[in-house]
Amino acid sequence: MKYFERVLDRMKFKFIPVISTRDNLIFGYKVMKDFSTLGFNDKEYMYQMACEEKIFDNFALDMFEKACREILEKNFIKTHFFYTIRFNLLQDYKYFFKKVDEIIKNLNLDPELFIFDIKGVIDWYNFHKTFSNKFKYKVVIKEERNFAFNFSIIESSKAKFVEPRTLETLIFMKENVEIEQPLIFNLFYSQGLDSIFLKNLGIDYYYDSNS
């Protein structure tokens, strides 16, 4: 446990601006966990160790609270925050979501400003049926690496934002799928694009995870 206390103390967060193509203003920040100061470039390895020690839930909550405190320190209190939760690694879902609520409330942050990328949900219909009273936050659905984008989950997830990973997926979506949600794009996978080009493609917000 002391090892993970040191991890929590030494890990960093990157606040990556998410910029609107409409006015080039910052809509929010992608809050990205960074373990490189501990010699880990692969977050999944760190999470797996926490799971093996059966402390992942509390470790994830401690990271979330640290991120929220940094939000206050940076005075980012009037913007949106995109934060990833590894749902498939949690042991006690209801406890976890309850503590997320408490952290946000105790730090006097606005819950409407949090947008969660929930990894590992197999059945979104069942997720909302089970946790509708526990989880009341906005959700972003992202296209994952090495997996074809399942467009049906856009509706079942009740996502408020959709993030295709590639230009190919984006073009396919625009031509074949009716998407009402705002679209977000990560420039890391398509360097050299400007905001005007993205706007013309129908992208509402963009960021660069490599910045």
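Attention in this report is confined to the structure presented alongside it. Remember, predicted model here, so these are calculated numbers, not experimental data.

**Observations concerning the pattern of salt bridges**
Throughout the structure, instances matching the rule amount to eight salt bridges. Note that Glu 65 and Arg 69 form a salt bridge whose closest N and O atoms lie 2.9 Å from each other. Of the two residues, Glu 65 and Arg 69 both sit in helix H3 (residues 56-73), four residues apart, roughly one turn of that helix. Of the residues examined, Glu 65 reaches a relative accessible area of 25% and is grouped as partly exposed. Classification of Arg 69 by relative accessible area gives partly exposed; the value is 41%. A single salt-bridge network, built from bridges that share partners, covers Asp 117, Lys 119 and Glu 144.

**Some thoughts on the nonpolar core**
Counting residues in hydrophobic clusters, the biggest one holds 63 residues, and the most contacted among them are Phe 35, Phe 114 and Phe 116. A per-element tally of this core places H3 first, with nine residues. Counting 10 residues, the second largest nonpolar core, distinct from the first, contains Ile 16, Val 18, Phe 27 and Tyr 207.

**Overview of the environment of Ala 148**
Relative to the helices and strands, Ala 148 resides in the loop between strand S5 (138-142) and helix H6 (152-156). When the C-alpha atoms of Ala 148 and Lys 129 are compared, they prove to be 25 Å apart, with 19 residues separating the residues in sequence.

**Side note on the pairing of strand S1 (residues 12-20)**
For S1 and strand S2 (residues 26-34), the ladder comprises eight bridges, and the chain directions are antiparallel. Within the sheet, the bridge partner assigned to Lys 14 lies in S2 and is Met 32. What sits between the antiparallel neighbours S1 and S2 is a turn of five residues, in which Asn 24 has the positive phi angle 60 degrees. The pairing of S1 with strand S8 (residues 205-207) spans two bridges and is classified as antiparallel. Among the inter-strand pairings, Ile 19 is bridged to a residue of S8, identified as Tyr 206.

**Concerning H3**
Because an α-helix packs 3.6 residues into every turn, residues spaced three or four apart end up facing the same way. The terminal C-alpha atoms of H3 lie 26 Å apart, and with 18 residues this matches the ideal 26 Å at 1.5 Å per residue to within 8%. Looking at H3, one finds that the buried residues are Phe 56, Asp 57, Phe 59, Ala 60, Leu 61, Met 63, Phe 64, Lys 66, Ala 67, Cys 68, Glu 70 and Ile 71. Taken from the residues just after H3, Asn 75 is the one with a positive phi, measuring 60 degrees.

About the thresholds
Residues numbered from 1 in each chain as written. Predicted model: local features only at pLDDT ≥ 70, side-chain atom pairs only at ≥ 80, totals over all residues. Heavy atoms only, no water. Salt bridge = Lys/Arg side-chain N within 4 Å of Asp/Glu carboxyl O. Helix = DSSP H or I, 4+ residues; strand = E, 2+ residues; numbered from the N terminus. Buried < 20%, exposed > 50% of the residue type's maximum accessible area, 1.4 Å probe, protein only. Core = buried A, V, L, I, M, F, W, Y, C linked by side-chain atoms within 4.5 Å. Pairing = 2+ DSSP bridges. Expected span 1.5 Å × (residues − 1).

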